[in-house]
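Fold and geometry: a report
Residue strings, one per chain:
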Amino acid sequence: MGITVREPSGLSERAAAERLAEYGPNELSQPRPPRLPVRAARQLADPMSILLLIAGLVTLIVLGEIPEGLAILTILLVNVVIGVSQETKADHAVRALRTLTAPMAKVVRDGAVRRIPAAEVVPGDVVQVAAGDRVPADARLSEATGLGVDESMLTGESLSSDKRAAQADGAGGTLADRHDELFAGTLVVRGSGVAEVTRTGARTEMGRIASALGGGVKGPLAVELAQVSRRIGLVAVMAGGVMILIGLSRVQRGEAALLDIILAGVALAIAAVPESLAAAVTTALALGSQRMAALGVIVRRLPAIEALGATTVIATDKTGTLTTGHLTVTDHVTASEIDLWRGALRCNDARDGLGDAVDVALAAAAERHGLRPPPGEERLAARPFDAETRSMAVITATNEDRPLLTVKGAPEVVLARCVPGPETERLARAVSGLADRGMRVLALADKRTDDLDAAGLRALGLVALSDEIRPSAARAVTDCRAAGIRVVMVTGDHADTARAIAEEVGITAEPVVTGAALQALGGADDGRSKRSARLREAAVLARVDPGTKLDLVRALREDGQVVTMTGDGVNDAPALRNADVGVAMAGEEGTDVAREAASVVVTTGDLGTIVAGVREGRRLRHNVSSMVGYLLTGNLAEILIVLTGLIAWPDLVVPLLPVQLLWINLVLDGIPAIALGVDRPAGDPLALRPTGGLLSWPVLTRIALRAVAVGALVFSAVEVARRLGWSEEQVRSQAVLALVFARLTLAYVVRARRRTFERGWWRGRSVLVAVTATAALQILVTVIPVLGAPLALVPVPPVGWAMALGAAMLSVIVCDMVRYRAGLVVSPSGPAPGGRG
Ligand SMILES: Nc1ncnc2c1ncn2[C@@H]1O[C@H](COP(=O)(O)OP(=O)(O)OP(=O)(O)O)[C@@H](O)[C@H]1O
Ligand SMILES: [Cu+]
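Sequence order as written defines the numbering, with residues in each chain counted from 1. Naming scheme: in the order in which they are written, chains are lettered from A and ligands are numbered from 1. Local features in this predicted model are restricted to residues whose pLDDT is 70 or higher, and side-chain atom pairs enter the listing and the counts only when it is 80 or higher, whereas totals over whole chains, interfaces and linings include all residues. Side-chain descriptors were evaluated using all non-hydrogen atoms of the structure, hydrogens and water having been removed beforehand.

For the chain, the name recorded in an unreviewed UniProt entry is P-type Cu(+) transporter, with Microbispora cellulosiformans as its organism. The UniProt entry for the chain carries the following comment under Subcellular location (unreviewed entry): "Cell membrane". We quote the UniProt Sequence similarities (unreviewed entry) comment for the chain here in full: "Belongs to the cation transport ATPase (P-type) (TC 3.A.3) family. Type IB subfamily." UniProt positions are given in the numbering used here, feature names are shortened, and annotations may be inferred rather than shown by experiment.

Pasting the structure below:
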C-alpha cells in the first residue's frame, strides 16, 4: 500500500452530487444526430434519386401517363423511407455502442477509491491515475511517482512529458511547461499519480480546443463495396446506353418515341445499380454489432466484425483470458514469513482491493498472515511494475535510520540481483516446481539503500499465485480447433507456468518459445527471418515482452494469416493496432490505451467471448456475401433479359417498362436483401469458413453463370407467352412474374451451404417472411387489376403461373449445379487475396 504523508480523503458523495448538478457532466458535447428532414434530403440528393425524380416527373408531365408517373414517384418515396430508416437504425446501434465503451475514472470519495464513469467526475474530486489511463479532467497533481504523460493531442509534442507534484504555488506558462498539471484527454504512459480536479467538461484545455475526435474511417469492406458499386454502375450505364442505341434505330423507323426509349434506358441503369447494397451492408454490420454487444463483444470499428469472421489465428493472453484472472497466493517458500509478507506490503500499489491483480492478491495474503501495513512508514521513491523489466521496486523510510529498498518481480530478474548464496540458490531451484503446477511465481528481496537499482539484495522468498482455468476457455479452444482457427498463447509468465496452463486448456503446448530463445537468434537479416519462422510456428510464447507481440502479429500477417490479438497493457497498443482485430478488456482489467488501440472491447476477457465474436463475424460475412450474391445475380439476369429482349422481341419496343424495372429492383429486391443481412443460416456459423474475398474471381464467375442461367429460363417463359399470342401487357406481366419468382428463389440459393433445400433451409425466419411477403405482393399486383394498373400489370392465364414457377424451380437446380461446378472451373491460383479484412 502506498504510504504517503497526505492521504486525501476526497469529496463526499453528497458534495460530489451537488457539484455535478452545478458544473454538469464531465463530457464534451456530442454533435447532435441529424434531424429527419436532413436525412431525407441527403437520401434525395443521391444521383440515383435525382434521376428517378426526373424520370417520374417526365412520365407524369411530359408524357402525361399519370398512373405510371405517380408509381415511379411512389417508388422513389418508398426508397427514401427505407434509406432513412436504415441509416437511423445503423446510427442508433453505433451510438449505443459508444455509451457502452464510455471511459471510467478512479476517484476517492468518502475516503475510499471508487471507479466511476469519467462523465461523473467533478471539480474537487481526487483522482488516481496510472500508466495506461486517459486523464479524465484537468487536475493538479498532489502526488506523482515516475509519472509520464503523452500530451501530443494537446501540444503536438510527441515526447511524453514528465510530471511532478505541485509545489506551494504553481506557476503558469505554456501547457507544455505546466509540469504539475494533468490535462483531460491526455494519456498516462508511465508511473502513477494522485491529483485534484480543477476543471471538467468543456472548461478543460481539451474542451477549449474542441474535440478533434472524428470517426468514420472507411474500412476495407466499405472500400471494396464502393469499388464494386462503381464498377457495376459503369456496367449499368453501359447497358442503359446500349439499350438507347438499339432503341434509336427503332425511333428512326418510327416504331417508338425517343423519350420512351431514353426513359427505358435510364430505368435500366437505375435498376441495374445495386444502390441498396452499401446501405444494406452497413445496416447488417451495425445490427450485427448490437447482437455482438449483447454477447459482451463491443465492436469499436464496424469493419472489425468482418475481420473477426475471417480470423485464422487468435493470439491470446493467459491471465484473464484463459484463466479467471482472480489470483490467490496458494504457496510460498521463505526463511522468514514476517519479512516476506512485510516486503509484499511495502512493494505494493493496491489500495482498498483495487489495483494490479498480483498486488491485490499479495496484500490479501499478507493480511491472512496477520500483517497490516506498518504505520508511520513513508514511501520515498518507487518504480512501478513494468512488463519490460518484470519487476517493481519501492524505497520506504522505516523506523530504522536507513531507507529500505524492496523489490518484487519475476524470479530470474530478482534473484539475479541477490547476493549469491545457499538461500538464493534454494529459492531459484524451487521456482520450476511451482511453475510446473501452472502457478505464477514472484520473488521478493530487500536491502537497506536508497538506490532503486542496487544489487546485492537479500532474498526474502517466493510467492506462488494460482489462477483458475476458465471452463469456457477449454471449450472455446476446442471450438476454435474445429473451426480451423489456431490459438497461440502469449504471456509474460514463466515458460513452465505457461506450458502447464496451455496443456490444461487444450492448446498444443509444443513448441514453447521463450523471449530469451528469440533473442538468441540475433538481429541480423538471417536472425530476423529465423525469428519470424520461430514466431509463426510457436504454440506458446513465454517470458516475452509486449514488443514481441507486435513481431508476432507482423510475422503471422506476412504469412497471410488473419490475426485476432488480445492485450491489456500500455505496451500492447502497437500490437493491438497492427493486428487485424485488436481485442481489449473493458473495466478494471484493461487500460484506456489498450482499449483505444483495439477495434473490439470485450466485457469479459474470456476466450469464449472472443470466439462468440468470431462466430457472429462469420455469420455476418456469410450474410453479406449472400446479399451481394443475391443482388448482383438478380440484377445481372435482369440486364440480360432486357438487352436480349430488345433484340429478340421488336414488337414489344421495350421488354420491361421503366416502372416495372423500378418496381422489381427498388421495392421487391430491397426487402429480401435486408432480410439476408440479418439471416440465421442453419448450423453452427463457426463452421462457415471464410473463403476468399467478397468478390473474388470464383465468386464473380459464379454470379455470372447463375445470372445467365436465370436469364435464359425467364427468357424462355416469356418467349412461350409470345408464341401463344398473348397481348403485349400479358407478355410483360409474364416477364415480371417469372423474373420476380426466379429472383426470390435466389435468396435461398445464395444463403445455402451445399444445396439450396438442404436440412433446415426453412429456418431463418427473416428470409422466410421477406420472401413470402414479397411473393404475396407480386401475386396481388398481378391478379388484382386495380393494383396492377400503375405498374401496367395484368392477370396472366394459368399456364403463365406454371411457367413462372417452373422457371423459379429450374433456376434452383441450375444454380446448384453452378455451385458444384464453380469449385472446379475457377481460381487455379488458390484462395483469393481478399480474405484479409
Ligand atoms: N505487480 C507486479 N509486481 C512485480 N512483478 C510482477 C507484477 N505482476 C507481474 N509481475 C512479474 O512480471 C511477469 C510478467 O507479468 P505480466 O503481467 O507482464 O504478464 P502477462 O504477459 O500480462 O501475463 P498473462 O499472459 O498471464 O496475462 C510475471 O510473470 C511476474 O513475474
Ligand atoms: Cu504462511
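Following the structure, the description resumes.
Here the focus is the pairing of strand S7 (residues 187-199). By the bridge criterion, five bridges tie strand S3 (residues 126-130) to S7 in an arrangement that is antiparallel. In the strand pairing of S7, Gln128 is matched with Val194. Strands were regarded as paired on the criterion that DSSP finds at least two bridges between them. A run of DSSP states H or I qualifies as a helix once it reaches four residues; a run of E qualifies as a strand once it reaches two. Both are numbered from the N-terminal end. Where strand S4 (residues 138-150) meets S7, ten bridges bridge the pair, whose relative direction is antiparallel. In the strand pairing of S7, Asp150 is matched with Leu187.

When a carboxyl oxygen of Asp or Glu is within 4 Å of a side-chain nitrogen of Lys or Arg, the pair counts as a salt bridge. If you walk through the whole model with that rule in mind, you get 38 salt bridges. Residues joined in a network through salt bridges with shared partners are Lys318, Glu412, Arg440, Asp493 and Arg543.

The pairing of strands in a sheet comes from backbone hydrogen bonds and takes either a parallel or an antiparallel form. Strand order across the open sheet formed by eight strands is S8-S21-S20-S19-S9-S16-S18-S17, with mixed pairing between neighbours. The open sheet is flanked by strand S8 (297-299) and strand S17 (512-514), the only strands paired with a single partner. Between one strand axis and the next, the sheet turns by 20 degrees as a mean value, whatever way the strands run. In the sheet, strand S20 (residues 581-585) pairs with strand S21 (residues 600-602) via three bridges, with the strands oriented parallel. In the strand pairing of S21, Ala584 is matched with Val601. Between N-to-C directions, angles span 0 to 180 degrees; the directions come from axes that are lines fitted to C-alpha atoms, helices contributing only their stretch in contact.

Time to look at the nonpolar core. We define the nonpolar core as a collection of buried residues of types Ala, Val, Leu, Ile, Met, Phe, Trp, Tyr and Cys that are connected through side-chain atoms lying within 4.5 Å of one another. Burial status follows relative accessibility: with a 1.4 Å probe on protein chains alone, a residue under 20% of its type maximum counts as buried, one over 50% as exposed, and anything between as partly exposed. Among the nonpolar cores identified, the biggest contains 129 residues, and Leu607 and Tyr630 are the most heavily contacted of them. Broken down by element, this core gets its largest block of residues, 16 residues, from helix H22 (residues 607-648). Those residues within four positions of Leu607 in sequence are excluded, and the remaining contacts are Ile314, Thr316, Thr321, Leu322, Ala473, Ala476, Val477 and Val487. Core analysis: the next-biggest nonpolar cluster, separate from the first, contains 27 residues, Leu535, Ala538, Leu550 and Ala579 among them. By definition in these notes, contact holds between two residues if any of their heavy atoms fall within 4.5 Å.

Note on definitions. A residue lies near a molecule or strand when any single heavy atom of the residue is within 4 Å of it. Surveying the vicinity of ligand 1 reveals 20 residues, the closest of which are Thr319, Thr491, Gly492, Asp493 and Arg543. N or O atoms within 3.5 Å of each other form a polar contact, as long as, within protein, one can give a hydrogen and the other can take it, and as long as residues adjacent in sequence are counted only when both atoms are side-chain atoms. Within the contact set of ligand 1, an oxygen atom lies 3.0 Å away from a side-chain nitrogen or oxygen of Arg440. Taken together, the elements giving at least two residues each to the shell around ligand 1 come down to helix H12 (357-368), strand S13 (404-409) and strand S14 (440-448). Here the shell around ligand 1 takes three residues from S14, the largest share from any one element. Looking at side-chain class alone, the shell around ligand 1 contains eight nonpolar, four polar and eight charged residues. Amino acids are sorted into nonpolar (Ala, Val, Leu, Ile, Met, Phe, Trp, Tyr, Cys and Pro), charged (Asp, Glu, Lys and Arg) and polar (every other residue, Gly among them).

Ordered in space as S10-S15-S14-S13-S12-S11, the six strands form an open sheet in which the pairing is antiparallel. Of all the strands in the sheet, just strand S10 (328-334) and strand S11 (378-386) have a single pairing partner and so form its edges. Mean inter-strand twist for the sheet, computed between neighbouring axes without regard to direction, equals 15 degrees. Where S10 meets strand S15 (residues 458-466), six bridges bridge the pair, whose relative direction is antiparallel. For Asp331, the partnering residue across the bridge sits in S15 and is Ala464. Helix-sheet contacts for helix H14 (residues 422-435) involve S10, S14 and S15, and the interaxial angle to S15 is about 5 degrees.

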